[in-house]
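# Geometric and topological summary
Read off the chains here:
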Amino acid sequence: MPLVNLPGSKRRLVLSALLICAVIFELDAQEQRTTPERKPKPSKLGKSTNKGPRAVTAKPKIKATPAAPAQTFLTQVLNKGKFKKVGETISVQTGDTLELRCRGKPVQWSVPSYLEEDDDGRLRIVQHERYSVLTLVNTTGADTGEYTCYPMYCEDTDCRKEYDKAVKVFVFFPDPQELFVPSSDYYEVIQLRTNWPTVLPCQVTSPKAKVTLHREFPPVEVAVDGTEISFNVKKGFTIHRPRPYHAGALYCVASLGNLRQSSTKYMLIYVNYPMAPPAPVIQASSSSVTVGENLRVSCSVVGEQDVVVEFTWDYPGQQIGRPLYTHESISPVGGGTIRQQSQSVLLVEEVRDVDQGTYTCTAQNLQGATSASTTVKVVPKAKPKKP
């Protein structure tokens with residue numbers, strides 16, 4: 001029905017409705033023009049450029065980093081497949097089997113020298129994929145000592161021990177008949193060096209044995225105070241600062257229960273060992289000598305008392321076989337500490353032209369050798385003036 005034919009009240013109602021619809025349509029259009037389109041809300045992984053990448057890239061970094069090498073350690077294989085991580089020392093009854101497992105590939109073992117020289121086929125070492133096994137059967141007290149596992153660092157076919165990563169254990173094999181590790185020597189000569197710790201290897205087969213140190217002449221027990229002389233059940237007795245009065249014949253005595261035994265005798269010889277190689281000072285009586293005059297070249301070393309210094313010479317006259325004449329002496333040097341001067345003097349009588357050149361003195365002690373040189377010029381005699 002046309003709008004003009006409607007009654008007045010109905011026509012006004014229809015017009016109002018159309019007007020309201022037009023307004024609403026216009027408002028919706030305006031809102032779409034002024035409001036930007038909203039983007040979907042990002043997920044938590046992509047929400048922040050700072051936090052997101054850390055969470056996403058953490059896993060690749062872990063995968064790219066090579067795994068740290070496994071720590072090397074020793075275990076003792078017990079009966080029935082049981083394993084026990086070892087400490088500094090363990091005890092295995094003589095006759096029993098020692099089985100040690102060291103994790104790593106490859107590894108290398110070090111055993112007491114007695115086993116390295118002759119193991120009678122009792123020692124076996126097998127390298128598995130991730131560990132190595134050392135097996136020692138029919139054990140005796142002589143097998144007592146240190147067992148060490150060294151991990152190996154390899155580049156292609158070149159391998160070397162990693163000493164700083166070595167793991168070791170001292171194994172005692174208590175023997176009811178032998179308190180000391182057997183030795184084929186009746187006595188052993190040990191040199192005592194000044195200020196150098198010296199070990200008397202009274203090594204026992206049982207850590208429970210009581211060990212004392214004795215002097216043969218006069219027959220007395222030597223005091224062990226832990227400072228001048230100390231005892232370690234894995235090493236023996238250590239004389240930390242040897243002195244002349246420590247020299248002589250000494251031996252150890254071990255006791256356990258009703259058993260008491262003596263060790264090998266140790267013949268201690270004291271040597272006043274120098275702290276450093278000598279420092280010679282060379283000096284000629286004159287740097288310029290006239291033909292026919294005598295020449296003296298001295299070489300001196302100041303050092304510890306009773307330290308032997310040997311001198312050797314190189315001189316120009318050697319080229320023609322000129323004989324060597326030297327005079328050596330030792331004299332005390334004053335001061336707060338007791339020291340001495342060792343000196344060698346080279347004598348050249350009636351100097352000739354061939355004696356011109358370099359004179360070298362080499363001084364040597366137990367620590368090494370050092371040389372010093374000086375140059376001497378030979379000038380001809382002045383011609384007598386004519387009257």
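Summarised in this report is the structure supplied together with it.

### Let's talk about the state of the cysteines
- If you walk through the whole model with that rule in mind, you get 4 disulfides.
- Two residues, Cys 102 and Cys 149, share a disulfide whose sulfurs are 1.9 Å apart. What sets the handedness of the Cys 102 and Cys 149 disulfide is the S-S torsion sign, and at about -75° it is left-handed. One end of the pair, Cys 102, is in strand β4 (residues 98-103); the other, Cys 149, is in strand β8 (residues 145-155), with 47 residues separating them in the sequence.
- Paired by a disulfide, Cys 154 and Cys 159 hold their sulfur atoms 2.0 Å apart. The sign of the 115° torsion about the S-S bond sets the Cys 154-Cys 159 disulfide as right-handed.

### Quick notes on the packing of aromatic side chains
- Tallying each qualifying case throughout the model produces 4 aromatic pairs.
- Taken together, a centroid distance of 4.8 Å and an interplanar angle of 55° make the contact between Phe 170 and Phe 172 tilted.
- Phe 170 sits in the buried class, given a relative accessible area of 4%.
- On the basis of relative accessibility, which here comes to 1%, the residue Phe 172 falls in the buried class.
- Each ring, one from Phe 231 and one from Phe 237, has its centre 4.7 Å from the other, and the planes form 45°; the classification is tilted.
- A relative accessible area of 2% places Phe 237 in the buried class.
- Directly above the ring of Tyr 131 sits Arg 101, whose terminal nitrogen or CZ lies 4.1 Å from the centroid.
- The ring of Tyr 251 carries the charged tip of Lys 265 above its face, separated from the ring centre by 5.8 Å.

### Re a negative patch on the surface
- Together, Glu 116, Glu 117, Asp 118 and Asp 120 make up a region of like negative charge exposed at the surface.
- Looking at where Asp 120 falls in the secondary structure, it is placed in the loop between α3 (113-117) and β6 (123-127).
- Residue Asp 120 is classed as exposed on the basis of its relative accessible area, which comes to 54%.

### Focus: the sheet that holds strand β7 (residues 131-136)
- If you walk across this open sheet you meet the 5 strands as β2-β1-β4-β7-β6, and the pairing is antiparallel. Each of the sheet's edge strands pairs with one partner strand only, and the pair in question is β2 (83-85) and β6. Along the sheet, successive strands turn relative to each other by an average axial angle of 25°, direction set aside.
- Sheet topology note: the β6/β7 ladder contains 5 bridges and is antiparallel. Paired with Ile 125 across the strands is Leu 134, a residue of β7.

Cut-offs used in this document
Residues numbered from 1 in each chain as written. Predicted model: local features only at pLDDT ≥ 70, side-chain atom pairs only at ≥ 80, totals over all residues. Heavy atoms only, no water. Disulfide = S-S within 2.5 Å. Helix = DSSP H or I, 4+ residues; strand = E, 2+ residues; numbered from the N terminus. Phe/Tyr/Trp six-rings, centres within 6.5 Å; stacked < 30°, edge-to-face > 60°. Buried < 20%, exposed > 50% of the residue type's maximum accessible area, 1.4 Å probe, protein only. Lys NZ or Arg CZ within 6 Å of the ring centre and 35° of its normal. Patch = residues over 30% accessible without salt bridge, like charges linked within 9 Å, V, L, I, M, F, W, Y side chains within 5 Å. Areas by Shrake-Rupley, 256 points an atom, 1.4 Å probe, with all protein chains shown as cover. Salt bridge = Lys/Arg side-chain N within 4 Å of Asp/Glu carboxyl O. Lys, Arg positive; Asp, Glu negative; His and termini not counted. Charge placed at Lys NZ, Arg CZ, Asp CG, Glu CD. Pairing = 2+ DSSP bridges. Axes fitted to C-alpha atoms, helices over the stretch in contact; angles between N-to-C directions.

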